[in-house]
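Structural overview for review
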Amino acid sequence: MGKLFIFAVLLALNVSLGVGQEPSNQLNQYIDAVQRSTHTNNWAVLVDASRFWFNYRHVANVLSIYRSVKRLGIPDSQIILMIADDMACNPRNPRPGQVYNNANQHINVYGDDVEVDYRGYEVTVENFVRLLTGRTQNGTARSKKLLTDAGSNVLIYLTGHGGDGFLKFQDSEEITSQELADAVEQMWEKKRYNELFLMVDTCQAASLYEKFTSPNILAVASSLVGEDSLSHHVDSSIGVYMIDRYTYYALEFLEKVQPNSDKTMGEFLKVCPKRLCISTVGVRKDLYRRDPNKVPITDFFGSIRPTEITTGRVNITLAEEEDFIEALLQQEETNSQHSNFNVQFESQFPKDLFN
Amino acid sequence: MYPGRKMANPLSIFCILVLLLGQQTTRIFTQTVLDGTGEGLNENRKQLPATSTKNNNGKDGLANNEEYHEELVVQPLANGFVNTYFQFTTRWRYGSKENLHNTRLIPRPIAEILLYSDVKEFHITLTQGLWRYESWGYPVQDAAPGAEAWSWFAGENLTESDVDEQWKRVTSTFSGIICASLNFMDKTNTITPQYGFKPQFVSSSTKNLTKHVRYSSLPREIVCTENLTPWKKLLPCNSRHGFASLLNSGHVHNTNYHSLGIKFRTLCNNQDECILEFTESANMVYDPKLVGATNNLDFSLRRMFGQGLNGHCPLADSSKVYVNLELPLPYEMTPLPQYNITSTRGGQTSHYGVYDIQKLKDQKLFNIAWVLRKPQHQVLSPTPPPLLAHRNIVGYGQEKGKIITQITNNYYNELPIVLQENIPWYMPVYIHTLQIKNHKTGELIQPNSLQYRPGVQRTRPYYLELAFKIPSKSSVEISLDFDYIFLKWLEYPPDANHGHYVGSSVITTQLTMARNYTAIPLSGYRFSDSFNATRNSYILTIRTESLILSLPTPDFSMPYNVICLACTVVALAFGPIHSVATKKIVVEQQDSDEPRSFVGKIMRKLKKKNKNSPTIDGEAENTLTSSSSIGSEKVK
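Cut-offs applied
Residues numbered from 1 in each chain as written. Chains lettered and ligands numbered in written order. Predicted model: local features only at pLDDT ≥ 70, side-chain atom pairs only at ≥ 80, totals over all residues. Heavy atoms only, no water. Helix = DSSP H or I, 4+ residues; strand = E, 2+ residues; numbered from the N terminus. Buried < 20%, exposed > 50% of the residue type's maximum accessible area, 1.4 Å probe, protein only. Contact = heavy atoms within 4.5 Å. Areas by Shrake-Rupley, 256 points an atom, 1.4 Å probe, with all protein chains shown as cover. Polar contact = N/O pair within 3.5 Å; in protein donor to acceptor, adjacent residues only side chain to side chain. Salt bridge = Lys/Arg side-chain N within 4 Å of Asp/Glu carboxyl O. Domains from an automatic or database assignment. Buried area = accessible area lost by both parts, 1.4 Å probe. Nonpolar A, V, L, I, M, F, W, Y, C, P; charged D, E, K, R; others polar. Pairing = 2+ DSSP bridges. Axes fitted to C-alpha atoms, helices over the stretch in contact; angles between N-to-C directions. Expected span 1.5 Å × (residues − 1). UniProt positions renumbered as here; feature names shortened; annotations may be inferred. Patch = residues over 30% accessible without salt bridge, like charges linked within 9 Å, V, L, I, M, F, W, Y side chains within 5 Å. Lys, Arg positive; Asp, Glu negative; His and termini not counted. Charge placed at Lys NZ, Arg CZ, Asp CG, Glu CD.

- Identification of chain B as GPI transamidase component PIG-T from Musca domestica is taken from an unreviewed UniProt entry.

- Per an unreviewed UniProt entry, the recorded name for chain A is GPI-anchor transamidase, and the organism is Musca domestica.

Structural data, given as structure tokens:
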């Protein structure tokens, strides 16, 4: 299918370049553009670590990012969404199946198409670390695994209640910044990422990326150590805060991004200045080799298409049709040979017990 | 090998067949009833010559061995509610096991489960809300609150531990497929029922297979959009076309009761030719007063589901809406059904109107409305169904409790009952306290059979299965004592004060009359198979409520712990500081060897009289030097 797509692209390219002077040159430029990116696939791990109804805003945070990355092209199979509590179908939610990130109810971030991979009690520090390091238990479903490789760009988004050097999970346990750094280091050693973008929206969020030593990590945090991250606004009709400030402005930025737009990570890191956020957004760039101002935002929030460039001719005719028909007729024949289908069901009630 | 060649296969085969073959085949189904409980299925297939008829819509494309049906049943209930039941059935006569590699309408993960494990039958339901048997009658498919699953495994030389491992794997797989926490179904909450769940699959009788069943439930499991989305993705037409387009999250989760179900089973004959039946069902009960804009009991498809029906799934062999015509209120229906069906089943006659969506001319958002001519606020009180059950916890305090299950038989005959309990390990019950008591007369009923496997803490649940008879027109109470226990610190969930859930018990009985009974017969697979399906007896399964058990819970809150800790520190510090601040060292003018007892003191006085002691100063010195030792201090 990938080749088919490329062939179509090339065809279109050829048509458009038909009158161009140096088609081969342009083609090479196109090939360069496609192959310039350093990664081959995109993954996102989006975590809401807070339970309880009053933490509605954290679920809205994580769903906002989920909505954005899905819109920009990361498929559900490559998004690991962890939500510690059920807000959409919570008995306290007067709008069942819906979660809004704004009191005006512009966007239902829960939508009609959502796949939560870890939910409720499954959201634990253990499961999170197992997920990152790829040490999931035997028999874990494929959709609950982070199947990344050395070519994966991974976006990790964390939201919840944090403190200096930790993030609370479910209000009952914590992951420390050292544990997080160790898990990421293990990911690097196991070649489980190419580049990693960590985005944290918690109080004292910057403390979570302090201990990182692994390369190719870009991190942004909603507040520095010693600062609180604040929520944006309250919806008085349900009596809870809707969304946190940093994610609100990040979402505002992301909503303007299209899969083909040329916004960069550098611009994204400037989102939510102190006058809007009230807290200071912290950025850590020293582990990251590239200049964020030259990295397209879609390197982390979008998804790269699996492309192979070919300049040769591709034959896309279907397989021999006669083969299918013959196989089918054969099957028909075998079917008609055993046209009787007799089965006998077992007794459905232990009648003999009552005699 | 070109990648395009491989990918295009299933669809292209289908299209080519449609164009080139254009043949039609007819099937004649005959169902034979062999005896009361055991049902037989005898399916004869007659094939007409390929040239005799032309079929242009080509639904029976691929060798006619796969069929797909969409059904919707709308049934206004006695107390003003409306029951809607969706069923999507795919039936694939796949022949031998190797063919499972190439799926068409059946989702690939399901075929893979059959390929790589010994699962022959699997049921799962995800339910929110409680089915009210008293006023709603019996559902087409009964389900326990939360998540419930059971599965049959059959294979040669299959051991119990193999089955346990496969059960763990298949629940984990489904946990991924439908985004639910089914991976929590492990050995701590899984039982092996003996009577309640019988195999609905058929394996070839030529092989010597051992059959095993596993059952588990997660009463706490929530059901929301993340379950509905993947559930819809398993359907051949997804949610874009056909009846599934009516299932939109906002209009499913605002209902009083909703239940999503997935089940599949295999039927194999002695030639080792097999059929795979894959059924997805959705059952919702709407309150017309809530869904409508006006506060009356009128309702329509559009009001309930938010939109009209946008035609049918092009892959479906049949797409029919059945509406029950026994209306509790004088509704007028528009448009009128295309035709009516009268079904007589077990002495019960019911009338259904049928809308064949595939035969509709104008397929733009088809709607059916039920309108009351005169506004009516009084609704009929329903006739109670033959068997009802309730369960609750009684007792006070946080030491001992009792579960009481009350089963009521409104039938004119005595009913055989099988009661199945899956009690979690944190609710230790005492089997010697088990009592089955006739509620009215107070006499005890002896069970015909009792299966019990005691639970082990943190390892396995308590399993109890009882078979007994309920006398006619009476109710019995089954009671069982249990203890409230403390858990270990880390075993409490993050919201420990919410309480722990105890799953429903499952009650199975055999009715001789099909009053309120709408379940699909064993040999059938569509809802329409329940029409005129008279049998000698009908297996009825109902579930009780699930329970919340408030175990004694330590206070995990931070302020409480801070206060406790701070108070301890203060108390520990207060003692020494207070004593240091208030203590005074006093020198006692007494002999260090002064006897304590009364007799001793007298003896000493007598001795003093005899001797004139000259060394009082010396004694004083002695006591002063010894006052540095703690023993002689006196605190005032």
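As for the overall build of chain B
- Broken down by element type, chain B carries 12 helices and 27 strands.
- Taken across its 636 residues, chain B has 53% of its residues classed as buried.
- A sequence separation of at least 24 residues applies to 76% of the contacts in chain B between residues at least 6 apart.
- For chain B, the accessible area works out to roughly 29,200 Å², and carbon and sulfur atoms hold 55% of it.

A word on the overall build of chain A
- The number of helices and strands found in chain A is 10 helices and 13 strands.
- Counting every position in chain A, which comprises 355 residues, the buried fraction comes to 53%.
- Of all intrachain contacts in chain A linking residues separated by at least 6 positions in sequence, the fraction that spans at least 24 positions is 72%.
- For chain A, the accessible area works out to roughly 16,000 Å², and carbon and sulfur atoms hold 48% of it.

Looking at the side chain of Thr229 of chain B
- Mapped onto the elements, Thr229 of chain B comes out in helix α6 (residues 225-233).
- Within the local environment of Thr229 of chain B, its side chain forms a polar contact with the backbone nitrogen of Val114 of chain A, the two atoms lying 3.4 Å apart.
- Within polar-contact distance, the side chain of Thr229 of chain B engages the backbone oxygen of Thr225 of chain B at 2.8 Å.
- In this structure, Thr229 of chain B is in contact with Asp112, Asp113, Val114 and Glu115 of chain A, ignoring residues within four places of it in sequence.

Regarding the environment of Tyr426 of chain B
Residues and elements named next belong to chain B.
- Secondary-structure assignment places Tyr426 in the loop between β19 (415-423) and β20 (429-438).
- Looking at Tyr426, the relative accessible area reads 15%, which means it is buried.
- For the pair Tyr426 and Asp483, spaced 57 residues apart in the sequence, the C-alpha separation amounts to 8.8 Å.
- If near-sequence neighbours (up to four positions away) are discounted, Tyr426 is found in contact with Ile485, Leu487, His500, Tyr501, Leu549 and Leu551.
- A distance of 2.8 Å separates a polar side-chain atom of Tyr426 from the backbone oxygen of Tyr501.

Thoughts on the pattern of salt bridges
- Inspection of the entire model under this criterion finds 35 salt bridges over all chains.
- Here Asp286 of chain A ties to Arg284 of chain A by a salt bridge, and the two come within 2.9 Å at their closest N and O atoms.
- Across the pair Lys469 of chain B and Glu414 of chain B runs a salt bridge whose closest N-O atoms are separated by 3.6 Å. Here the residue Lys469 of chain B occupies a position in strand β22 (residues 462-470), and Glu414 of chain B occupies one in the loop between β18 (400-409) and β19, the gap between them amounting to 55 residues.
- Judged by relative accessible area, which is 28%, Lys469 of chain B ranks as partly exposed.
- Connected via shared salt-bridge partners are Lys70, Asp76, Asp113 and Glu115 of chain A together with Lys233 of chain B.

Overview of the domain arrangement of chain B
All names here are of chain B.
- Annotation of chain B at the domain level lists domain 1 (66-372) and domain 2 (387-504 + 544-556).
- At the interface, 22 residues of domain 1 touch 25 residues of domain 2.
- It is Ile191, Tyr195 and Arg220 in domain 1 that bury the most area against domain 2; as a group they hold 32% of the surface buried on that side.
- Put simply, domain 1 and domain 2 have one salt bridge between them.
- Here Asp495 makes a salt bridge to Arg220, at a shortest N to O gap of 3.1 Å.
- For the pair domain 1 and domain 2, the interface holds 10 residue pairs in polar contact (both at pLDDT 80 or more).
- Breaking the side of domain 1 that touches domain 2 down by element, the ones donating at least two residues are α4 (133-136), β7 (190-191) and β8 (210-218).
- With three residues, the single largest contributor to the side of domain 1 that touches domain 2 is β8.
- Tallied by class, residues from the side of domain 1 that touches domain 2 come to 11 nonpolar, eight polar and three charged.

Digging into the sheet that holds β20 of chain B
All names here are of chain B.
- The sheet built from four strands is open, its strands ordered β17-β18-β23-β20 with antiparallel pairing. With one partner strand each, in any of the chains shown, β17 (387-394) and β20 form the two edges of the open sheet. Strand after strand, the sheet turns through a mean of 15° between neighbouring axes, direction not considered.
- Relative to β18, β17 runs antiparallel, the two being bridged by eight bridges.

Overview of the pairing of strand β10 (residues 231-235) of chain A
Residues and elements named next belong to chain A.
- Inspection of the sheet shows β10 paired to strand β11 (residues 240-244) by four bridges, in the antiparallel sense. Each bridged residue has a counterpart across the sheet, and for Val234 the counterpart in β11 is Tyr241.
- Remark: four residues form the turn of the hairpin made by β10 and β11, two consecutive strands paired antiparallel; Gly239 in that turn has positive phi of roughly 75°.

Observations concerning helix α3 (residues 56-71) of chain A
- Under the 1.5 Å per step criterion, the end-to-end length of α3 of chain A is 22 Å for 16 residues, consistent within 8% with the ideal 22 Å.
- Across the 16 residues of α3 of chain A, 13 count as buried, placing the element largely inside the fold.

Some words on the UniProt feature "active site" (unreviewed entry) in chain A
Residues and elements named next belong to chain A.
- Taken from the UniProt record, the annotation "active site" (unreviewed entry) applies to His161 and Cys203. What stands out for the annotated residues spanning 43 residues is how close their C-alpha atoms remain, the widest pair being 6.3 Å apart.
- Its location among the elements puts His161 in the loop between β4 (152-159) and β5 (162-163).
- Ignoring sequence-local partners within four residues, the contact set of His161 consists of Ser50, Asn55, Arg57, His58, Leu167, Lys168 and Thr202.
- Among the polar contacts made by the side chain of His161, one reaches the side chain of Asn55 at a distance of 2.7 Å.
- The topology assignment puts Cys203 in the loop between β8 (195-201) and β9 (217-221).
- Sequence-distant contacts of Cys203, defined by excluding residues within four places in its chain, comprise Gly162, Gly163, Ser223, Glu227, Asp228 and Ser229.

Overview of the pairing of strand β10 (residues 274-286) of chain B
Residue and element names in this part refer to chain B.
- Along β10, 13 of the 13 residues are buried, which leaves the element largely enclosed by surrounding structure.
- Both faces of β10 are covered, namely the face carrying Cys274, Leu276, Phe278, Glu280, Ala282, Met284 and Tyr286 and the face carrying Ile275, Glu277, Thr279, Ser281, Asn283 and Val285.
- Bridge analysis of strand β4 (residues 82-95) against β10 gives 13 bridges, and the strand direction is antiparallel. By the bridge assignment for β10, Gln87 is matched with Ser281.
- Pairing between strand β9 (residues 257-268) and β10: 12 bridges, direction antiparallel. When the sheet's bridge partners are listed, Cys268 is paired in β10 with Cys274.
- From the end of β9 to the start of β10, which pair antiparallel, there are five residues, and Asp272 there has a positive phi angle of about 65°.

Here's the deal with the environment of Phe482 of chain B
Residues and elements named next belong to chain B.
- Checked against the element boundaries, Phe482 lands in strand β23 (residues 474-483).
- Note: C-alpha distance between Phe482 and His123 (359 residues apart in sequence) is 30 Å.
- Apart from the residues within four sequence positions on either side, Phe482 is in contact with Ile393, Glu399, Lys400, Gly401, Lys402, Ile403, Met427, Pro428, Val429, Tyr430 and Leu549.

Some details on a negative patch on the surface
Residues and elements named next belong to chain A.
- The grouping of Glu321, Glu322, Asp323 and Glu326 at the surface amounts to a negative patch.
- Tracing the backbone through its elements, the reader meets Glu321 in helix α10 (residues 321-337).
- The partly exposed category is assigned to Glu321, whose relative accessible area is 36%.

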